[in-house]
Each structure stands twice: as C-alpha cells, then as structure tokens.
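What the coordinates show
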Amino acid sequence: MAVADAALPAGQHLASASNTSNDKGLKGGALGLASSVVIGVASTAPAYSLAATLGFIVAFVGVQSPIVVILAFVPMLFTAIGYQELNKADPDCGTTFTWATRAFGPKTGWLGGWGIIAADILVMASLAQVAGQYVFLLFNADGIGSNSTSGWVLLVGILWIVVMTGICYVGVELSAWLQKIFLVLEIIVLIIFAVTALVKVGNGSAGPQAINPSWSWFNPFDIGDFSSFVRGLILMLFIYWGWDSAVAVNEETADPEKTPGRAAVISTVLLLVTYALLTLSSQAFAGTGSTGLGLNNGHNSSDIFGALGRAVFGGGAYGSVMVHLLLFLVLTSAAASTQTTILPTARTSLSMAVYRAIPRAFARVHKKFLTPTVSTLAFGGVSIVLYALLNYTSDASYVIADCVTSLGMMIAFYYGLTGFACAWYYRHNLTSSPRNFLFQGLMPLVGGVILFGVLIWSFHDDWIAPSDVSASYTSWQMGFAPHWDIGGVFLLGVGTFLVGVILMFVWQAVSPTFFRGETLNSSTPTMVRDDAPIENVVPIGGD
C-alpha cells in the first residue's frame, strides 16, 4: 500500500491491492521488469515514430528540434511518475479509466478510458499504412511502396493488423518475446545509423547539406513563435506516446504494484536518450533544407530513414545490407507498435467491461491463453474497418497524416488527466513527507498542467483562421463563413472526443449502474471478478 487509509478523507479508502492478479482472468506474473520495459519502449515504435514525424517537427521548429525533444520529455516523465504512484495503490489494467473514476467520478473516468481507446484506434491506420509500404520498399518494389494509398499497401497493412491481433490473442508472453527480439535489433541499428551520420558530419564526408551541431539548437527562444513551438511539442508527444502500455499489462506482471510503474519511468528515460541522439544526428547529416536530403523537404518528411539510409550507409554490399536492415526495422517497428497498441486497448476495454462501463462481453477472457478475447478481436476489427475507410477517402494520405497529429490531443488529454488524478488521489497525503509532495503531487500536477496547456493551445491553432491551414493537411470550409476553414486535425480530434461523449450518454441510458458509482468508486477493491456480486456501496462524488 502506498498510502495509509488514515491519510485519506473520512469514508475514502485506497483500493486494496491484495487480491491476486487473476481476478479478471488474466495471466498473473507473466512479465518481469525487463519485459515490461521492452513493451513500454517498443510501444512507442522509435524507428517508425521518428521516420514518420521528425520531418514535420523540423518544419515547425527548424534546428530547435533537439530542445523540443528534451522539453517534451518533461511532461512525459512527470506523467510517468504519476502512473507509477497510482499503480502502487491501484494496479488495475484500466489505468486512466480506473484512476480517474476513483478520483473524479464515473463520467470523467469513462472519458479517460475513451481517450485511450480513441487514440489507439486513430493511430492504427498510420501504423498499418507504414507497415504495408515498407514491405514493398524492403523488396525494392518502390513503385508500390511509395504509393501510400495503393490497394496492395492496403491489403498488406490489413494483413499486418490481422497477424498482430492474432499474436495478442494468443498471449502476452509471446508478444513480449517478439518485442525483445525486434527492439534490441532496432536500437542497435539506430545507434549505428546515428554514430555513422555524426562521424561523417565530423570528417566532412556527409555532403554540402550537412550542418555542424550547435549549442544554439538547444535554445527554445530561437523558435519563431509560440504556436510553432506547441505544434512541434504536440508532435513530439506522439513520438513519446506508448510507454503506458507497460502499466496497462500490470495485472500480468510480477510484483504488479511496483514493476509496471518502474518500467514506465525507465522507458521514458531510454526514449529521451534514443530520440535526442537520433534527432541530433539526423539533423546534422541532412540539414533542415527543403531540397535534397533536407528534413524540411516534403518528399522526405513522412519517411526520413528511407531518404537518409542510403546516404548515411553509402553504397557497396555493407551499405545495401544496412539500408535494407534499416527498412526492415522501420517495418517491424510499425508492426510491433500495432501489436502493442492492441494490448493496452484490449485491457482498458476489459477493465471497463468488468466495472460495467461498457457491455460485459468485452470482459471475456480466453480460458487457455488468459487474454481478452472480445476486446482484442473487436479492436483489431474496428482498426481494419477504419483503415480501409480512410484509405478510400479523397486525399487519404493527408487524412491519415492528420489522424497522427490529432492523436496529440487525445494523448495530452488522458495523460494529463492521469497527472491530475494522481495529485487529487493523494491530496491528503502530500504533507506527510517531501517525497510524497514531490512525486505524488507536484510532478504529476505540473505534467497535467503542461499537457492540458498544450491541448488548449492546439485547439486554438487547429480551429484555423482564414488562409492559415498549416497545422492540418486537410480542412473543411464553413458554409456560413466562406473565409474560415476548420482544420482536419481539429475535426478529427474534437470529433472523436464528441463521439465518445455520445457513446457515454447512450450507455448511461442503457446501463446506469457504473454511472451511479455502484461498480467502481474510491472504496471498490482494485480487481473485481466479472462474475462477482456487486456490493452496495456509496457512489463517489465529484462528477
């Protein structure tokens, strides 16, 4: 127990963490610290995330991209600490959904759970698209691979989702084992890429586009304007996003009160080192120009490693092997992230179903594999349908790109909400020690404030004024105001959130038990069997 009950207000008790981790039917003790860290880091898909996003960050902040990497780490670390502290008291696989419900009430908690699910659904189209493209690029079928909306790319992308859904269905141990292999190889090759690029910049063989690293790259005040900084920051949140998967599998982890939280914090630190090195080396080698290898070249923005790989590793047999290995690792990175995106979403919906926040069918667990069945298959199916629909929209590649950017809104929302939940959850315990004040209160609160600040500013920027559509690739013109456009990022982000609000009220009308606070509140045991009787408890307030 992280906090004594006496430190909480009268009538409020921390959920008991003494129940076995099999209360929802999941396989307890299947993962150790190393496996949890691997899941946390692999979920961010370092190679894929940088390949698909770094160019766009440079377009907003220029050579200041390294400092944006560092500054975005601050709310990530503070939020990870909030996850760690909440998980000590309440190691429930519902994470934000469960914790926000206990802290603020059913509706806030439900929307926190929806934030996780919606973010994961939105990213799947991009992950599948990249995986599909890189299969063809790997085998030198550049004509197909360079066409992101090709029917062949769509088919292979769907097959990747099917395969990864099947792996998640079979078991979390198989998932973790595959992640270890892919991640170790991925990090090794990325480090070789970064070191090779920096060596060539240092000895002058990188080419005329290269620029020597400078301390000025770490000065945030050199960024042109605050809006550009926020746009770069919210894209960087997407690159960091995913480490919370290590906490989502907490009920399948050995020592569930400690290991998942530690894995989340370790994951964010490892990501900082990886991203800072690769951002610095890529920018130094390619420069920030809009032609040739430049990171601001629109032809390179969505795939910087595809553009830089051959230039960094050169020709010959070694260069050819390393280039293809780099392509393979971007492919496996996207595919692995597809897998680790399914894992936390299935467990969030499992927890929501256990507490009657969504239909109980989502709480079914396979008797042999001890994994969520309906939740896993449903998420895989929805992802396939959405990817196919987006692929056949006009300007499909741009719509999918806007999906990635709008993810920042969902990430900032549910990460920030978790930070606030931690500070509120422990509010009566903060004065008990300097350590508790810092780790249970101040850091999570500051992380939440930063993330919600970015979210609000993003709303401002993405609701776009006349002729300024630079924050989105797509836009919608308002009929009653022909000189005003609404950005596609705003429509996707806010629209997805509103869909969640509608679904929440529909389910409240159909099954109000959860929303009356009868199945989950501050006194409910941490993990409840799906078939266990629900005790009569006093509904929690605050919502």
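This report concerns the structure included in the present document. (Residues numbered from 1 in each chain as written. Predicted model: local features only at pLDDT ≥ 70, side-chain atom pairs only at ≥ 80, totals over all residues. Heavy atoms only, no water.)

Digging into the overall build of the protein
- Secondary structure summary: the protein contains 17 helices and two strands in total.
- Relative to its full complement of 543 residues, the protein shows a buried share of 58%.
- Considering only intrachain contacts with a sequence separation of at least 6, the fraction spanning at least 24 residues in the protein is 77%.
- Surface summary for the protein: the accessible area is close to 19700 Å², and the carbon and sulfur share equals 68%. (Helix = DSSP H or I, 4+ residues; strand = E, 2+ residues; numbered from the N terminus. Buried < 20%, exposed > 50% of the residue type's maximum accessible area, 1.4 Å probe, protein only. Contact = heavy atoms within 4.5 Å. Areas by Shrake-Rupley, 256 points an atom, 1.4 Å probe, with all protein chains shown as cover.)

Considering the packing of aromatic side chains
- According to the stated counting rule, one finds 24 aromatic pairs in the structure shown.
- When the ring of phenylalanine 193 is compared with that of phenylalanine 313, the centres are 6.0 Å apart and the planes differ by 65°; the resulting orientation is edge-to-face. Note that phenylalanine 193 is positioned in helix 8 (residues 172-203) and phenylalanine 313 in helix 12 (residues 304-313), a separation of 120 residues in sequence.
- Looking at phenylalanine 193, the relative accessible area reads 0%, which means it is buried.
- Look at phenylalanine 313 and you get buried, because its relative accessible area is 6%.
- Ring plane angle 70° and centroid distance 4.9 Å describe the contact between tyrosine 414 and tyrosine 415, whose orientation is recorded as edge-to-face.
- Relative accessible area serves as the criterion here: at 1%, tyrosine 414 is assigned to the buried category.
- An aromatic cluster of at least three residues, connected via ring pairs, comprises Tyr83, Trp99, Trp243, Tyr414 and Tyr415.
- Its end group placed over the ring of tryptophan 424, arginine 427 keeps NZ or CZ at 4.0 Å from the ring centre. (Phe/Tyr/Trp six-rings, centres within 6.5 Å; stacked < 30°, edge-to-face > 60°. Lys NZ or Arg CZ within 6 Å of the ring centre and 35° of its normal.)

Side note on the environment of isoleucine 67
- Residue position: isoleucine 67 is located in helix 3 (residues 65-89).
- Residue isoleucine 67 is classed as buried on the basis of its relative accessible area of 9%.
- Note: C-alpha distance between isoleucine 67 and leucine 280 (213 residues apart in sequence) is 9.7 Å.
- Dropping the residues within four chain positions of it, isoleucine 67 is found in contact with Trp217, Phe218, Asn219 and Pro220.

Side note on a nonpolar patch on the surface
- Together, Val184, Ile188, Ile192 and Tyr318 make up an exposed nonpolar region whose accessible area comes to about 370 Å².
- The element contributing the most residues to the nonpolar patch is helix 8, with three residues.
- Position of valine 184 among the secondary structure elements: in helix 8. (Patch = residues over 30% accessible without salt bridge, like charges linked within 9 Å, V, L, I, M, F, W, Y side chains within 5 Å. Salt bridge = Lys/Arg side-chain N within 4 Å of Asp/Glu carboxyl O.)

Description of the packing of helix 1 (residues 33-44) against helix 11 (residues 259-286)
- Contact geometry of helix 1 with helix 11 gives a least axis separation of 8 Å together with a crossing angle of 45°. Taken together, the axis directions place helix 1 and helix 11 in an arrangement best described as oblique. Our pair here, helix 1 against helix 11, has a crossing hand that is right-handed. Seen from helix 1, the contacting residues are Leu33, Ser36, Val37, Gly40, Val41 and Thr44; seen from helix 11, they are Thr259, Arg262, Ala263, Ile266, Ser267, Leu270, Leu271 and Tyr275.
- Looking at the contact of helix 1 with helix 11 residue by residue, the classes come out as eight nonpolar, five polar and one charged. (Axes fitted to C-alpha atoms, helices over the stretch in contact; angles between N-to-C directions. Parallel < 35°, antiparallel > 145°, perpendicular 65-115°, else oblique. Left-handed = near helix turned anticlockwise from the far one by under 90°. Nonpolar A, V, L, I, M, F, W, Y, C, P; charged D, E, K, R; others polar.)

A short note on the packing of helix 5 (residues 106-138) against helix 17 (residues 488-510)
- Between helix 5 and helix 17, the shortest axis-to-axis distance is 10 Å and the interhelical angle comes to 130°. Between helix 5 and helix 17, the crossing angle belongs to the class labelled oblique. As for the relative orientation of helix 5 and helix 17, their crossing is right-handed in sense. Where helix 5 abuts helix 17, its residues Lys107, Trp110, Leu111, Trp114, Ala118 and Leu122 lie against Thr496, Phe497, Val499, Gly500, Val501, Leu503, Met504, Phe505 and Gln508.
- Of the residues assigned to the contact of helix 5 with helix 17, the class counts are eleven nonpolar, three polar and one charged.

Quick notes on the side chain of threonine 279
- With respect to the helices and strands, threonine 279 occurs in helix 11.
- Note on threonine 279: relative accessible area 0%, which makes it buried.

Section: the pattern of salt bridges
- With the rule as written, the count across this model stands at four salt bridges.
- For lysine 88, the salt bridge identified is with glutamate 85, shortest N-O distance 3.2 Å. Taken as a pair, lysine 88 and glutamate 85 lie in helix 3 at a separation of three residues, close to a single helical turn.
- What emerges from the salt-bridge pattern is a single network uniting Glu85, Lys88 and Arg435.

Topic: helix 14 (residues 374-391)
- Between its first and last C-alpha atoms helix 14 spans 25 Å; for 18 residues at 1.5 Å apiece the expected length is 26 Å, and the two agree.
- Taken as a whole, helix 14 has its buried residues at Ser375, Thr376, Phe379, Gly380, Ser383, Tyr387, Leu390 and Asn391. All buried residues of helix 14 fall inside an arc of 130° around its axis, so they share one side. (Expected span 1.5 Å × (residues − 1). Arc of directions from axis to C-beta.)

Digging into the nonpolar core
- Core analysis: the biggest nonpolar cluster contains 151 residues, and Trp110 and Tyr240 have the highest contact counts within it.
- The element best represented in this core is helix 5, accounting for 21 residues.
- Once residues lying within four places of it in the same chain are set aside, the contact partners of tyrosine 240 are Thr44, Val69, Ala72, Phe73, Met76, Thr268, Leu271, Leu272 and Tyr275. (Core = buried A, V, L, I, M, F, W, Y, C linked by side-chain atoms within 4.5 Å.)

Points about unusual backbone geometry
- The phi torsion at threonine 95 lies on the positive side, around 40°, for a residue other than glycine.
- Unlike most non-glycine residues, arginine 356 shows phi in positive territory, near 65°.
- Residue placement: arginine 356 occurs in the loop between helix 13 (316-354) and helix 14.
- Owing to a relative accessible area of 12%, arginine 356 belongs among the buried residues under this scheme.

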